[in-house]
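# Structural description and commentary
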2 protein chains.
Amino acid sequence: MTLDGKIAQNAQHFSNWTSKEDRDHLHKIEDQCDVLVVGHNTYKAAQEPLSKRNCIVLTRSVKKTKRVSKSCLFYNPKSLPIEKLLRSFGYKYICILGGTQTYNFFLHHGLIDEIYLTIEPYIFGRGLCLFDFAKDSMIHYTLFSIKKLNNTGTILLHYKK
Amino acid sequence: MTLDGKIAQNAQHFSNWTSKEDRDHLHKIEDQCDVLVVGHNTYKAAQEPLSKRNCIVLTRSVKKTKRVSKSCLFYNPKSLPIEKLLRSFGYKYICILGGTQTYNFFLHHGLIDEIYLTIEPYIFGRGLCLFDFAKDSMIHYTLFSIKKLNNTGTILLHYKK
């Protein structure tokens, strides 16, 4: 995200504004995961790079699930619990890639165990936030590590639940 | 701010959720500054601690300026340019304390030279952002330093223009 807490300027905004070092880190994490989970807007904004990965796309455009390619499954979260779906495939390490609505969904279900947060030295001023989800209380995570990713001011924070 | 980029849950939310180490750092900075600048909502939410400091309160509730106490000046930014007001008092080091509208105002006028950004290990989910201001392009700041403030996961980032 930017230093002012924005992950995109709008829903169509592709994340090509982030540093090479952030993308390298992301790809390393993606390599280690069994599946990537994204929302439909994020999928449409990054369809080309995501086509090379095993993906679940959260969407209301299908009733239950629909396999749209060998590596991509469309899934309506109202049709069955996400835990059940992930377990049915034997997925253990799941990389949640956003956007905001998808992060909301996993936060709401208490399913975010770790957060890798890259802060790029920019200000968007307005845009999409990491979450947009009303909570009565604040949720605490533990800071596990801080890493300076490059000399242009990008840092990587790793939080655990 | 929280790790999800929120500075408060709402306009009335007093910043007593931040760590002692963040408040200690803030007070050190305040001691070094000639004047603090806050918006009317921030002033109302923190009137007691601010009463001990030399303050300018941005507000539409006065026509031009109105001295409400020895140390506190109400000022309508539409009445005269802020640079002119600050220069008339000989103020050089100005601490801009928010909230969102006040940060917007100074960002819009290109008057933010440095940003001290404390990130507390919490998620609010929804709330006020650092800025809420439409920009066509992103604004770049340079990361000057990273400091771990405590063992509970608070970090302090220092950016310069």
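Anyway, here's the lowdown on the structure attached to this text. (Residues numbered from 1 in each chain as written. Chains lettered and ligands numbered in written order. Predicted model: local features only at pLDDT ≥ 70, side-chain atom pairs only at ≥ 80, totals over all residues. Heavy atoms only, no water.)

## Structural notes on the pairing of strand β2 (residues 35-39) of chain B
Residues and elements named next belong to chain B. In terms of residue burial, β2 counts as a mostly covered element, since five of its five residues are buried. Because side chains alternate across β2, one face comprises the buried residues V35, V37 and G39, and the other comprises L36 and V38, equally buried. As judged from the three bridges shared by β2 and strand β6 (residues 94-96), these two strands associate in the parallel manner. In the sheet register, V35 faces β6, and the bridge partner there is I94. Looking at chain direction, β2 and strand β3 (residues 55-58) are connected through four bridges and run parallel. By the bridge assignment, L36 is partnered in β3 with C55. (Buried < 20%, exposed > 50% of the residue type's maximum accessible area, 1.4 Å probe, protein only. Helix = DSSP H or I, 4+ residues; strand = E, 2+ residues; numbered from the N terminus. Pairing = 2+ DSSP bridges.)

## Thoughts on the side chain of B:N150
Residues and elements named next belong to chain B. Here N150 is to be found in the loop between β11 (142-148) and β12 (155-160). Among the polar contacts listed, one links the side chain of N150 to the backbone nitrogen of T152, at a separation of 3.0 Å. Within the local environment of N150, its side chain forms a polar contact with the backbone nitrogen of T154, the two atoms lying 3.0 Å apart. Other than its neighbours up to four places away in sequence, N150 contacts S19 and E21. (Polar contact = N/O pair within 3.5 Å; in protein donor to acceptor, adjacent residues only side chain to side chain. Contact = heavy atoms within 4.5 Å.)

## Some words on the interface of chain B and chain A
Residue-level contacts link 37 residues of chain B with 37 residues of chain A. Across the chain B to chain A interface the summed buried area is about 3200 Å²; carbon plus sulfur atoms make up 67%. The largest contributions to the chain B side of the interface with chain A come from B:L3, B:I123 and B:M138, which together make up 21% of the buried area. The interface formed by chain B and chain A contains two salt bridges. On the surface where chain B and chain A come into contact, there are 12 residue pairs in polar contact (both at pLDDT 80 or more). (Buried area = accessible area lost by both parts, 1.4 Å probe. Salt bridge = Lys/Arg side-chain N within 4 Å of Asp/Glu carboxyl O.)

## Description of the pattern of salt bridges
By the definition in use, this model includes 10 salt bridges over all chains. Residues A:R126 and B:D132 are paired through a salt bridge, measuring 2.8 Å at the closest nitrogen-oxygen approach. Of this pair, A:R126 sits in the loop between β8 (122-123) and β9 (128-129) while B:D132 is found in the loop between β9 (128-129) and β10 (139-140), placing the two residues in two different chains. Across the pair B:K20 and B:D24 runs a salt bridge, and its minimum N-O distance is 2.6 Å.

## Quick word on the sheet that holds strand β7 (residues 114-119) of chain B
Sheet strands pair by backbone hydrogen bonding; their relative direction is either parallel or antiparallel. All names here are of chain B. With antiparallel pairing, the three strands of this open sheet are ordered in space as β7-β12-β11. Across the chains shown, the open sheet's two edge strands, defined by having one partner strand only, are β7 and β11. Each strand axis lies, on average, 15° off the axis of its neighbour in the sheet, ignoring direction. Where β7 lies against β12, six bridges are found, and the strand directions are antiparallel. Across the sheet, the residue bridging to L117 is L157, located in β12. (Axes fitted to C-alpha atoms, helices over the stretch in contact; angles between N-to-C directions.)

## Observations concerning the relation of the copies chain B and chain A
Each copy of the sequence occupies a distinct position, and chain B is placed on chain A by a rotation of 180° and an axial shift of 0.0 Å, giving an RMSD of 0.0 Å. Both copies are brought into coincidence by an operation consistent with a two-fold rotation axis. The C-alpha atom lying nearest the rotation axis in chain B is that of B:G5; the distance is 2.0 Å. (Least-squares fit on C-alpha atoms with pLDDT ≥ 70 in both.)

## Structural notes on the packing of aromatic side chains
Residue and element names in this part refer to chain A. In total, this model carries 10 aromatic pairs over all chains according to the counting rule given. Ring plane angle 80° and centroid distance 5.4 Å describe the contact between F105 and F106, whose orientation is recorded as edge-to-face. In this structure F105 comes out as buried when scored by relative accessible area, which is 18%. Taking the ring centre of F144 as reference, the NZ or CZ of K160 above it sits at 3.9 Å. (Phe/Tyr/Trp six-rings, centres within 6.5 Å; stacked < 30°, edge-to-face > 60°. Lys NZ or Arg CZ within 6 Å of the ring centre and 35° of its normal.)

## Thoughts on helix α1 (residues 20-32) of chain B
All names here are of chain B. The end-to-end C-alpha distance of α1, which contains 13 residues, comes to 19 Å, matching closely the 18 Å that a straight helix rising 1.5 Å per residue would cover. Among the residues of α1, those classed as buried are D22, H25, I29 and E30. Each buried residue of α1 lies within a common arc of 140° when the element is viewed along its axis, so the set occupies one face. Of the residues in α1, the exposed ones pointing more than 90 degrees away from the buried face are K20 and D31. (Expected span 1.5 Å × (residues − 1). Arc of directions from axis to C-beta.)

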